[in-house]
Amino acid sequence: MISRETVVRGGSHHFLAHSSIDMDELARTLAVSRATLYRVAGSRDRLLGDVLWWLGSRQLTEARRARRQGGVSGVVEVTRRFADALLASAPLRRFLVAEPEVAARVLFTASGQVHQRFVCAQEQIFREVLGPDLSRCCATPRSVAYLYIRIVESALYAELLAGQQPDFDLAEQALWALLTPAR
């Protein structure tokens with residue numbers, strides 16, 4: 001029996017090489033039957049979600065490690081570093097163009113679980129970077145994390161959502177407004 005971790009890692013390598021996941025090809029690469037692959041992965045959408053999360057969480061970890069600032073500046077710095085990495089990812093950009101409906105379903109709905117995972121990660125970043133100042137800008141960190149991630153998604157996936165070029169500078173202004181209490 002093949003582990004879920006092995007399938008996700010294999011799927012990640014496949015995605016980076018092909019900007020998508022072909023379940024038949026992946027099954028051959030992993031030396032398992034198609035039925036076994038689906039039994040472990042659940043569905044192609046679920047596997048794509050796991051792969052995008054696995055790859056994205058690594059980028060997010062790197063962005064967190066590279067952070068130099070504290071406070072709201074530090075939170076936005078992590079996001080900027082993460083966004084720059086995703087905007088530069090050729091496999092992800094090709095996937096968005098080639099399979100926009102699948103990408104939207106996997107990235108934004110419960111079927112891929114990508115959005116929910118990033119909301120949880122963002123809430124952790126708030127706690128890690130803002131510490132005790134968290135209560136000053138975020139009455140309910142989970143709700144603010146949800147809004148924060150939706151703003152980030154609107155910038156990263158602008159071509160998918162609105163047929164526009166990604167504009168992280170605009171999104172950054174909205175992130176600052178969200179995290180900076182009105183005076």
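See the structure printed just above.
What counts and what doesn't
- Residues numbered from 1 in each chain as written.
- Predicted model: local features only at pLDDT ≥ 70, side-chain atom pairs only at ≥ 80, totals over all residues.
- Heavy atoms only, no water.
- Core = buried A, V, L, I, M, F, W, Y, C linked by side-chain atoms within 4.5 Å.
- Buried < 20%, exposed > 50% of the residue type's maximum accessible area, 1.4 Å probe, protein only.
- Contact = heavy atoms within 4.5 Å.
- Helix = DSSP H or I, 4+ residues; strand = E, 2+ residues; numbered from the N terminus.
- Axes fitted to C-alpha atoms, helices over the stretch in contact; angles between N-to-C directions.
- Parallel < 35°, antiparallel > 145°, perpendicular 65-115°, else oblique.
- Left-handed = near helix turned anticlockwise from the far one by under 90°.
- Nonpolar A, V, L, I, M, F, W, Y, C, P; charged D, E, K, R; others polar.

**As for the nonpolar core**
Most often, soluble globular proteins have nonpolar side chains that are buried together.
Next, step 1: The biggest cluster of nonpolar side chains holds 58 residues, and the ones touching the most others in it are Leu47, Phe126, Tyr148 and Tyr157.
Next, step 2: Setting aside anything within four residues of it in sequence, one finds Leu47 in contact with Val7, Val8, Ile21, Met23, Leu26 and Ala41.

**As for the side chain of Glu123**
Next, step 1: With respect to the secondary-structure elements, Glu123 resides in helix H8 (residues 114-130).
Next, step 2: On the basis of relative accessible area, Glu123 is assigned to the buried category, the value being 10%.
Next, step 3: Residues in contact with Glu123, not counting those within four places in the same chain, are Pro141, Arg142 and Ala145.

**Section: the packing of helix H4 (residues 44-66) against helix H7 (residues 100-108)**
Next, step 1: Packing of H4 against H7 leaves a shortest axis separation of 9 Å and a crossing angle of 65°. Considering their axes alone, H4 and H7 lie roughly perpendicular with respect to each other. Crossing hand, H4 versus H7: right-handed. Together, Arg44, Asp45, Leu48, Gly49 and Leu52 of H4 and Val102, Arg105, Val106 and Leu107 of H7 make up the contact between the two elements.
Next, step 2: Of the residues belonging to the contact of H4 with H7, the class tally is 5 nonpolar, 1 polar and 3 charged.

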